[in-house]
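Overview (structure and organization)
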Amino acid sequence: MLKPKTKSQTTTMFAWALIAPAAMVMFWIVLWPLYETFRLSFTNSNLGTLMGGADFIGWENYEKAIGGRKFPAIVTRTFYWMFLSVGFKMILGLIGATLLASNIRGRGLMRALVMPPWIVPIAIGCFGWVWLYNGHFGLLSNFIEMVGITDGPFSFLAYKQSAFYSAVVTDVWIGTPMVTLFFLAAMQGVPKDLYEAAYVDGASRWYRFRRITLPQIMPTIVSMALLSAIWTFNSFEIIWILTEGGPRGATTTLIIDTFKTAIFNYKFGAGATRAVLVVLILGVFSVLYLTVLGRLSKKYGYGGVQK
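Just so we're clear, the structure is a prediction, and the values are computed from it rather than from any experiment.

This part is about the overall build of the protein. Scanning the protein from terminus to terminus reveals 13 helices and zero strands. Secondary structure of the protein in N-to-C order comes out as α-α-α-α-α-α-α-α-α-α-α-α-α. Taking 19 Å as the expected radius of gyration for a compact globule of 307 residues, we find that the protein reaches 25 Å, considerably beyond that expectation. Every one of the 307 residues in the protein was classed for burial, and the buried ones make up 38%. Taking the contacts inside the protein whose residues are at least 6 apart along the sequence as the reference set, 66% of them involve residues at least 24 apart.

In structure tokens:
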């Protein structure tokens, strides 16, 4: 065995020895499934080829997926679902964090009450919303019927538009607490002397929020928006528990379509193709998002106090 000749080489070998176990775990958990998914996307793997082996078919799966009649609508619906849900999460999270950071009575209780939607398992929370949306014994249906909005029971998950927006409301309810807590932590890290100096100069609350708070927490907003967008884009449990992609495909996103293709229809190669497309779409979106936000940050001076 070669022995290290210098202290630097010794340090390097010791560092590699420390990260080797974690690197091996990452390889088997992350890199290998990615490689296998990419490989399957070029085959006709399905339930019938499990024993005999799948054949290599080149770009046929990609041509069928991208050229499919429903694919553009599914992609558009997925991005609409993502932008709508993330937008509400950011707005409500910013409002909630501002209220929780202010010196008001019952602030501790309010901070505790904001946690349950995030703490409760997603499946349990979604089943609760399924009960609320039920047209026969759901509270929401009974309420809108009682106030005269509808003439009878209304099942929110039985119609295309109401089912889609009901899924958005559920996703916002689940995701907003996390965004709120992240924004609250960022706000608490803003130096107090900035507010004190602005207050002495006669700055209003809105001016202090717009010129001090927002620029100081902008890195957190950017990071949280990107992470929330990726999580929402890949969201599966909420839509599946509420509607399973229905009614008539109204809530079918790319993730739901991938699951149905690979698991329900046993078309593993076609499902792997859709999974690869999801990775590529998210990768391009992330690069564009960070590029645009980086330019805006330089132009408007986010990350520092605006004058």
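On we go from here.
Let us now look at the packing of aromatic side chains. Counted according to the given criterion, the structure contains 27 aromatic pairs. With centroids separated by 5.5 Å and ring planes inclined at 40°, the aromatic side chains of Trp32 and Tyr35 adopt a geometry described as tilted. One end of the pair, Trp32, and the other, Tyr35, are both in helix α1 (residues 7–40), three residues apart, so they sit about a helical turn from each other. Overall, the relative accessible area of 38% leaves Trp32 in the partly exposed class. On the numbers, 6.2 Å between centres and 25° between planes, the contact of Phe79 with Phe83 is stacked. Taken together, the positions of Phe79 and Phe83, both in helix α3 (residues 71–101) and four residues apart, correspond to about one turn of that helix. One aromatic cluster is present, formed by Trp129, Tyr133, Phe154, Phe156, Tyr159 and Trp173 through successive ring pairs.

Now for the side chain of Ser45. Mapped onto the secondary structure, Ser45 falls in the loop between α1 and α2 (60–66). What makes Ser45 buried here is its relative accessible area of 9%. Residues contacting Ser45, with those up to four places away along its chain left out, are Leu40, Ala54, Tyr266, Lys267, Phe268 and Gly269.

Attention now moves to a nonpolar patch on the surface. A grouping of Met24, Val25, Met26, Phe27, Trp28, Ile29, Val30, Leu31, Trp32, Leu34, Tyr35 and Val279 is seen on the molecular surface, where their side chains present a nonpolar patch of about 1,200 Å² in accessible area. Mapped onto the elements of the fold, Val279 is located in helix α13 (residues 268–300).

Further remarks concern the nonpolar core. Met82, Phe183, Phe233 and Leu254 are the most contacted members of the largest nonpolar core, which has 63 residues in total. Elements represented by at least two residues in this core include exactly α2, α3, α6 (122–133), α8 (160–188), α10 (205–233), α11 (237–242), α12 (254–264) and α13. Per-element accounting of this core gives the leading share, twelve residues, to α10. Not counting residues within four places of it along the chain, the set of residues in contact with Met82 comprises Ala229, Thr232, Phe233 and Phe285.

The next subject is unusual backbone geometry. Trans peptide bonds make up most of the peptide bonds, and negative phi angles are found at most residues other than glycine. Of note, the bond from Gly246 into Pro247 is cis; its omega dihedral lies within 30 degrees of zero at -5°. Following the sequence through the fold, Pro247 ends up in the loop between α11 and α12. Its identity is not glycine, yet Arg248 carries a phi of approximately 55°, on the positive side. With respect to the helices and strands, the residue Arg248 is situated in the loop between α11 and α12.

This paragraph deals with the confidence of the model for the protein. Per-residue confidence for the protein averages 87 on the pLDDT scale, and 95% of its residues sit at or above 70. In the model of the protein, helix α4 (residues 107–113) stands out as the element of lowest mean pLDDT, 77, in contrast to α11, which has the highest, 94. Every residue in residues 303–307 is under pLDDT 50, and counting partners more than four places away or in other chains gives 16 contacts.

This brings us to the packing of α3 against α10. Packed helices, taken two at a time, are described by the angle their axes make and the gap between the axes. At a minimum axis distance of 10 Å, the contact between α3 and α10 shows a crossing angle of 145°. In this structure, α3 meets α10 at a crossing whose hand is right-handed. The residues of α10 that touch α3, namely those facing Thr78, Phe79, Trp81, Met82, Ser85, Val86, Lys89, Met90, Leu94 and Thr98, are Phe209, Leu214, Ile217, Ile221, Met224, Ala225, Ser228, Ala229, Thr232 and Phe233. Looking at the contact of α3 with α10, its residues break down into 14 nonpolar, five polar and one charged.

With that out of the way, let us pick up α12. Every buried residue belonging to α12 is among Leu254, Ile255, Ile256, Asp257, Thr258, Thr261 and Ala262, and all of these are buried. Tyr266, located one to two residues past α12, shows a positive phi value of around 60°.

Right, let's get into the side chain of Thr180. One can find Thr180 in helix α8. You can call Thr180 buried: its relative accessible area is 2%. What Thr180 contacts, discounting residues up to four positions off in sequence, is Leu92, Gly93, Gly96, Ala97, Leu100 and Val114.

Another point: the environment of Ser162. As for its position among the elements, Ser162 is in helix α8. Put simply, Ser162 and Val120 are 42 residues apart on the chain and 24 Å apart in space, counted from C-alpha to C-alpha. Polar side-chain contacts of Ser162 include one of 2.6 Å to the backbone oxygen of Phe156. A distance of 3.2 Å separates a polar side-chain atom of Ser162 from the backbone oxygen of Tyr159.

Rules of the game
- Residues numbered from 1 in each chain as written.
- Predicted model: local features only at pLDDT ≥ 70, side-chain atom pairs only at ≥ 80, totals over all residues.
- Heavy atoms only, no water.
- Helix = DSSP H or I, 4+ residues; strand = E, 2+ residues; numbered from the N terminus.
- Rg over C-alpha atoms; globule rule 2.2 N^0.38 Å.
- Buried < 20%, exposed > 50% of the residue type's maximum accessible area, 1.4 Å probe, protein only.
- Contact = heavy atoms within 4.5 Å.
- Phe/Tyr/Trp six-rings, centres within 6.5 Å; stacked < 30°, edge-to-face > 60°.
- Patch = residues over 30% accessible without salt bridge, like charges linked within 9 Å, V, L, I, M, F, W, Y side chains within 5 Å.
- Areas by Shrake-Rupley, 256 points an atom, 1.4 Å probe, with all protein chains shown as cover.
- Salt bridge = Lys/Arg side-chain N within 4 Å of Asp/Glu carboxyl O.
- Core = buried A, V, L, I, M, F, W, Y, C linked by side-chain atoms within 4.5 Å.
- pLDDT = per-residue confidence, 0-100.
- Axes fitted to C-alpha atoms, helices over the stretch in contact; angles between N-to-C directions.
- Left-handed = near helix turned anticlockwise from the far one by under 90°.
- Nonpolar A, V, L, I, M, F, W, Y, C, P; charged D, E, K, R; others polar.
- Polar contact = N/O pair within 3.5 Å; in protein donor to acceptor, adjacent residues only side chain to side chain.

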